[in-house]
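# Coordinates in review
Chain residues, written in single-letter form:
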Amino acid sequence: MKIRHLGNSYFEALLLVLFVVSLYFISLESFLLFHSIVEIASIIIVCTVFLIVWNSRNYMENSYLLFLGISYLFVAGIDFFHTLSYKGMGVFPNYDADLATQLWISARYMESVSLLIAPFMLGRKLRVHRILSVYFAVTFLLFVVIFRGHFPDCFIEGSGLTPFKILSEYVISLILLASLFMLHKHKAEFSHNVYNFLSVAIVFTIFAELAFTFYIDVYGFSNLVGHYFKLLSFYLIYKAIVVTGLMRPYELLYRELKMKEYNLVKEKESQESLLETLGLVNKILRHDILNDLNIISLSIDNLKERMNEKELDMSHRAVDHSLKIIRDMKDLESLISIKGLSTIDLRLLLMETAQEFPVTVNITGDCSVKADNGLRSVIGNIIQNAIVHGKADRIDVSMKEINGSCELRISDNGSGIADKIKGRVFEEGFKYGRAGHTGLGLYIARKIVERYGKISLEDNVPSGATFILRLNIADAAARGMEQEPGFVWEA
């Protein structure tokens, strides 16, 4: 494949050399024919570039190339009139060679300024119709100024180029150098081949402008050299956009997508590293705070006889509050985890969780669900709230499959939840009554469950509250052996 590609490159180079040599011999016989072929070839190249970028505008992420394709269409339009007005064509008999030179210099100004503006288009969403309108207006204005005789003289028969024309070629060369510098600054936005083609194209355009600074005869040798450089410049732009767009479209149209994908991967790796660090900090803090709380708890037990009831109550509440914060932080760590879901035997999870609480927990039914370890924290938080806030001493848990989901109902026999706050218990930071702590517990529970299901609340009859979790069930093949319903765990 590499040898074949190399062979194609040599063949292409050979054809280009033959074409250039043929043009030279044509120029010896008729410079006018040489000039017409070069200009028409350049115009065809630019029109092809425009058609490609215009029909690819909805997919082309690189705004530089899209802007360039549109702007060069109007450059080619001015070049077309430059070709028709060239000395010897006879299309505009009332004008001399100055007209063609004025059109040439105006086209080069438009080309160089467009190349300078193009890098600033990178990363922008182009309003292509507005750009077309602006270039049309500028082109029309240039034609009006030139054909009405208000444009500065660029060429005088017998004496050659005017100072304005020579100075303009140098100014255009400086603008092109600036555009080359800006292109280099945004090198990462282009594939290697496209960047090289565009860079050399700009360099050849500069050479062309310098060649046009010292000719006296419009049929002279420096004029011939300048047109060679112009043709090569346009050919390289053709290579950069059209050939790359047709033969290797991923280099042109999807390079931005590749870079975005790469950046997303790096960002994900950075987030994973940050989450791992935060998790480690969280664990260290929980560990150290728990150690301190154990010491405080032991100290309170030793000081019971010397402390009054109010002081003991305040101390116990402070310890309980700290323990609640630690549990919430543990749940929060589960919430920010980006690990994938796995198949969980819900009955087994409930049996293990029930052992952590000093109440009777009745478990009926069986389900296998797709979830993560955060589900354990959610269930534990609901049971803990029933005991602490509702003063419940009995928890009834049932589960069954309904319409492709597992419905898990956790009911308690406590005091229940007041109607006026039912709609707010899952809000972030919502607290109610003296027993309210951080206001994060049920909010975190809701956020965890929303990753693989829904959670809601209703009254239990005759007393208490019922939390309803609707979870995505696991595939039947992933489920374990079914358990007999009616298991009761009593602590």
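All chains use their own residue numbering, which begins from 1 and follows the written sequence. Only residues with pLDDT of at least 70 are given local features in this predicted model, and only at 80 or more are side-chain atom pairs given and counted; all residues enter the totals for whole chains, interfaces and linings. Each side-chain value is worked out from all heavy atoms of the structure, with water and hydrogens disregarded.

### Overview of the overall build of the chain
- Helix numbers and strand numbers start at the N terminus; a helix is a DSSP run of H or I with at least 4 residues, a strand a run of E with at least 2. Across its full length, the chain carries 14 helices and 10 strands.
- Relative accessibility decides the category of a residue: with a 1.4 Å probe and only protein chains considered, values under 20% of the type maximum give buried, values over 50% give exposed, and everything between is partly exposed. Counting across all 491 residues of the chain, residues that qualify as buried make up 44%.
- By definition, residues are in contact when any of their heavy atoms lie within 4.5 Å. Restricting the contact set of the chain to residue pairs at least 6 apart, pairs at least 24 apart contribute 73%.
- For the chain, the computed accessible surface area is about 26,700 Å², with 61% contributed by carbon and sulfur atoms. A 1.4 Å probe and the Shrake-Rupley method give the accessible areas. Residues count as covered only by the protein chains that appear here.

### Topic: unusual backbone geometry
- With an omega dihedral of 10°, the bond running from Val-461 to Pro-462 counts as a cis peptide bond.
- Along the polypeptide, Pro-462 turns up in the loop between strand 8 (453–459) and strand 9 (465–472).
- A positive phi angle, near 55°, is found at Lys-391, a position not held by glycine.
- With a phi angle near 55°, Asn-403 is a residue other than glycine that sits in the positive phi range.
- Within the fold, Asn-403 resides in the loop between strand 6 (394–402) and strand 7 (405–412).

### Some details on the pattern of salt bridges
- A pairing counts as a salt bridge when a side-chain nitrogen of Lys or Arg comes within 4 Å of a carboxyl oxygen of Asp or Glu. Tallied over the entire structure, the rule returns 15 salt bridges.
- We note a salt bridge from Asp-79 to Arg-108, for which the minimum N-O separation is 3.0 Å. Residue Asp-79 is found in helix 3 (residues 63–84), and its partner Arg-108 is found in helix 4 (residues 97–117); the two are separated by 29 residues along the sequence. Per residue, the accessibility class of Asp-79 equals that of Arg-108, and both read buried.
- Here the residues in one salt-bridge network are Glu-39, Asp-79, Arg-108, Glu-111 and Lys-230, joined through shared partners.

### Regarding the nonpolar core
- Residues grouped as a nonpolar core are buried Ala, Val, Leu, Ile, Met, Phe, Trp, Tyr and Cys residues, joined through side-chain atoms within 4.5 Å. Counting 55 residues, the largest nonpolar core has Tyr-64, Leu-65, Ile-70, Phe-190 and Leu-198 as the members making the most contacts within it.
- If you list the elements that add at least two residues to this core, you get helix 2 (31–55), helix 3, helix 4, helix 5 (128–147), helix 6 (163–185), helix 7 (192–211) and helix 8 (221–247).
- Among the elements that make up this core, the one with the highest residue count is helix 3 (11 residues).
- Ranked by size, the runner-up nonpolar core spans 42 residues in total, among them Ala-392, Ile-395, Ile-421 and Tyr-443.

### Notes on the state of the cysteines
- The term disulfide is used for any two cysteine sulfur atoms that are within 2.5 Å. Taken as a whole and assessed by the stated rule, the structure comprises 1 disulfide.
- Disulfide partner of Cys-367: Cys-406, at an S-S distance of 2.4 Å. On the sign convention where negative means left-handed, the S-S torsion of about 105° between Cys-367 and Cys-406 marks this disulfide as right-handed. One end of the pair, Cys-367, is in the loop between strand 4 (360–365) and strand 5 (368–371); the other, Cys-406, is in strand 7, with 39 residues separating them in the sequence.
- Cys-367 sits in the buried class, given a relative accessible area of 2%.

### Re a nonpolar patch on the surface
- Surface patches are defined over residues having more than 30% relative accessible area and no salt bridge, joining like charges when they lie within 9 Å and nonpolar side chains (Val, Leu, Ile, Met, Phe, Trp, Tyr) when within 5 Å. Together, Val-17, Val-21, Tyr-24, Phe-25 and Leu-28 line one region of the surface with nonpolar side chains, adding up to about 470 Å² of accessible area.
- Looking at the element boundaries, Leu-28 is found in helix 1 (residues 2–29).
- Of the residues examined, Leu-28 reaches a relative accessible area of 53% and is grouped as exposed.

### Some points on the confidence of the model for the chain
- Model confidence for the chain is summarised by a mean pLDDT of 78, while 72% of its residues fall at 70 or above.
- Along the chain, pLDDT gives the predictor's confidence residue by residue, from 0 to 100. Within the chain, the lowest mean pLDDT, 42, falls on strand 10 (residues 487–490), and the highest, 94, falls on strand 7.
- For residues 476–491, every residue scores under 50 in pLDDT, and the model assigns this stretch 32 contacts once sequence neighbours within four places are set aside.

### With respect to the packing of helix 3 against helix 4
- In this analysis, axes come from line fits to C-alpha atoms, helices being fitted only over the stretch in contact, and the angle between any two N-to-C directions falls in the range 0 to 180 degrees. Close contact between helix 3 and helix 4 brings their axes to 9 Å; oriented N to C, the two are set at 175°. The orientation of helix 3 relative to helix 4 falls into the category roughly antiparallel. Counting all contacts with helix 3, which are made through Tyr-64, Phe-67, Leu-68, Ser-71, Tyr-72, Phe-74, Val-75, Ile-78, Asp-79, Phe-81 and His-82, the residues of helix 4 involved are Ala-100, Leu-103, Trp-104, Ser-106, Ala-107, Arg-108, Met-110, Glu-111, Ser-114, Leu-115 and Ile-117.
- Looking at side-chain class alone, the contact of helix 3 with helix 4 contains 15 nonpolar, 4 polar and 3 charged residues. Each angle receives one of four descriptions, namely roughly parallel if under 35 degrees, roughly antiparallel if over 145, roughly perpendicular if within 65 to 115, and oblique otherwise. Amino acids are sorted into nonpolar (Ala, Val, Leu, Ile, Met, Phe, Trp, Tyr, Cys and Pro), charged (Asp, Glu, Lys and Arg) and polar (every other residue, Gly among them).

### Digging into the side chain of Thr-205
- Tracing the backbone through its elements, the reader meets Thr-205 in helix 7.
- Assessed through its relative accessible area of 6%, Thr-205 is described here as buried.
- Setting aside its immediate chain neighbours within four residues, Thr-205 contacts Glu-111, Leu-176 and Ser-233.

### A word on the packing of aromatic side chains
- Any two of the Phe, Tyr and Trp rings considered here, Trp counted by its six-membered ring, make a pair once their centres fall within 6.5 Å; the pair's planes then place it as stacked at under 30 degrees, edge-to-face at over 60, or tilted in between. One pass over the structure, following the stated rule, counts 18 aromatic pairs.
- Relative to Tyr-135, the ring of Phe-74 has its centre 5.7 Å away and its plane inclined at 25°; by these criteria the two rings are stacked. Residue Phe-74 is found in helix 3, and its partner Tyr-135 is found in helix 5; the two are separated by 61 residues along the sequence.
- For Tyr-135, a relative accessible area of 10% puts it in the buried group.
- When the centroid spacing of 5.7 Å and the interplanar angle of 80° are considered together, the rings of Tyr-95 and Phe-147 count as edge-to-face. A residue pair is termed long-range when its members are at least 10 positions apart, and Tyr-95 in the loop between helix 3 and helix 4 and Phe-147 in helix 5 qualify at 52 residues.
- Feature note: the residues Phe-80, Phe-81, Phe-92, Tyr-95, Phe-143 and Phe-147 constitute an aromatic cluster, connected by ring pairs.
- We count a charge as sitting over a ring when the NZ of a lysine or the CZ of an arginine lies within 6 Å of the ring centre and within 35 degrees of the ring normal. The positively charged end of Lys-230 is found above the aromatic ring belonging to Phe-234, 5.2 Å away from the centroid.

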